[in-house]
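Results of the structural survey
As a plain string of letters, each chain reads:
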Amino acid sequence: MRKLISILALGILLVSCELETSGNKELDGYWQMSQVDTLATGGVTDTREDLIYWGIQGKLLQIRFSVNGKYLGEGLLFRFERGAYTLNLSSPIRHHLYETDEPIDDVEVLKPYGIYDLEEVFSIETLNDDEMVLFNDELRLHFRRY
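This section reports on the structure supplied with the text. (Residues numbered from 1 in each chain as written. Predicted model: local features only at pLDDT ≥ 70, side-chain atom pairs only at ≥ 80, totals over all residues. Heavy atoms only, no water.)

As for a negative patch on the surface
A cluster of acidic side chains, namely Glu74, Glu99, Asp101 and Glu102, defines a negative patch on the protein surface. Relative to the elements of secondary structure, aspartate 101 occurs in the loop between strand S6 (86-96) and strand S7 (102-103). Of the residues examined, aspartate 101 reaches a relative accessible area of 33% and is grouped as partly exposed. (Patch = residues over 30% accessible without salt bridge, like charges linked within 9 Å, V, L, I, M, F, W, Y side chains within 5 Å. Areas by Shrake-Rupley, 256 points an atom, 1.4 Å probe, with all protein chains shown as cover. Salt bridge = Lys/Arg side-chain N within 4 Å of Asp/Glu carboxyl O. Lys, Arg positive; Asp, Glu negative; His and termini not counted. Charge placed at Lys NZ, Arg CZ, Asp CG, Glu CD. Helix = DSSP H or I, 4+ residues; strand = E, 2+ residues; numbered from the N terminus. Buried < 20%, exposed > 50% of the residue type's maximum accessible area, 1.4 Å probe, protein only.)

Structure below.
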């Protein structure tokens, strides 16, 4: 009888618990922007010392950055959708740690981080456990997993 009760309890537990995953696979995680290539000119900029990080989880992308080497509790938030070969960013928000977050409607705020449109579409060139390379019409962004 005890075995039957244990088996039933285990069965109920397995049926009632649902493991939720994002489906983002290797995209999820913390990425440091290491290089930006300007496609029109062939220019290459090393961005490792700029300390720009993309945190990706679920359907949310957070960009954290430093000012003079210090994080100020601010960042940018985006909704995103991942396609087979694309990463689509939308709904940018300026995130404040101690103030109300505010929607961004001026793309100039985003340009220092390689985002040139309020609804940006990046093509995924490389994505694995160590490296991510995204590009659009203007830039190629290189990241390393952090």
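Considerations on the nonpolar core
Ranked by size, the top nonpolar core spans 28 residues in total, and within it Trp54, Ile63, Leu89 and Met132 carry the most contacts. Put simply, the parts of the chain that give this core at least two residues each are strand S1 (29-38), strand S3 (53-57), strand S4 (60-64), strand S5 (74-82), S6, strand S8 (121-127), strand S9 (131-135) and strand S10 (139-145). (Core = buried A, V, L, I, M, F, W, Y, C linked by side-chain atoms within 4.5 Å.)

What about the environment of histidine 142?
With respect to the helices and strands, histidine 142 occurs in strand S10. The class for histidine 142 is buried, based on a relative accessible area of 16%. Along the primary structure histidine 142 and serine 34 are separated by 108 residues, whereas in three dimensions their C-alpha atoms are 5.6 Å apart. Those residues in contact with histidine 142 that lie beyond four places of it in its chain are Gln32, Met33, Ser34, Gln35, Asp37, Met132 and Val133. Looking at histidine 142, its side chain comes within polar contact range of the side chain of aspartate 37, at 2.7 Å. (Contact = heavy atoms within 4.5 Å. Polar contact = N/O pair within 3.5 Å; in protein donor to acceptor, adjacent residues only side chain to side chain.)

What about the packing of aromatic side chains?
Under the defined criterion, the tally for this structure stands at six aromatic pairs. Through successive ring pairs, a cluster of aromatic residues spans Tyr30, Tyr53 and Tyr146. Above the ring of tyrosine 116, the side-chain terminus of lysine 111 is found at 5.4 Å from the ring centroid. Looking at arginine 140, its charged tip hangs above the ring of phenylalanine 135, at a distance of 5.8 Å from the centre. (Phe/Tyr/Trp six-rings, centres within 6.5 Å; stacked < 30°, edge-to-face > 60°. Lys NZ or Arg CZ within 6 Å of the ring centre and 35° of its normal.)

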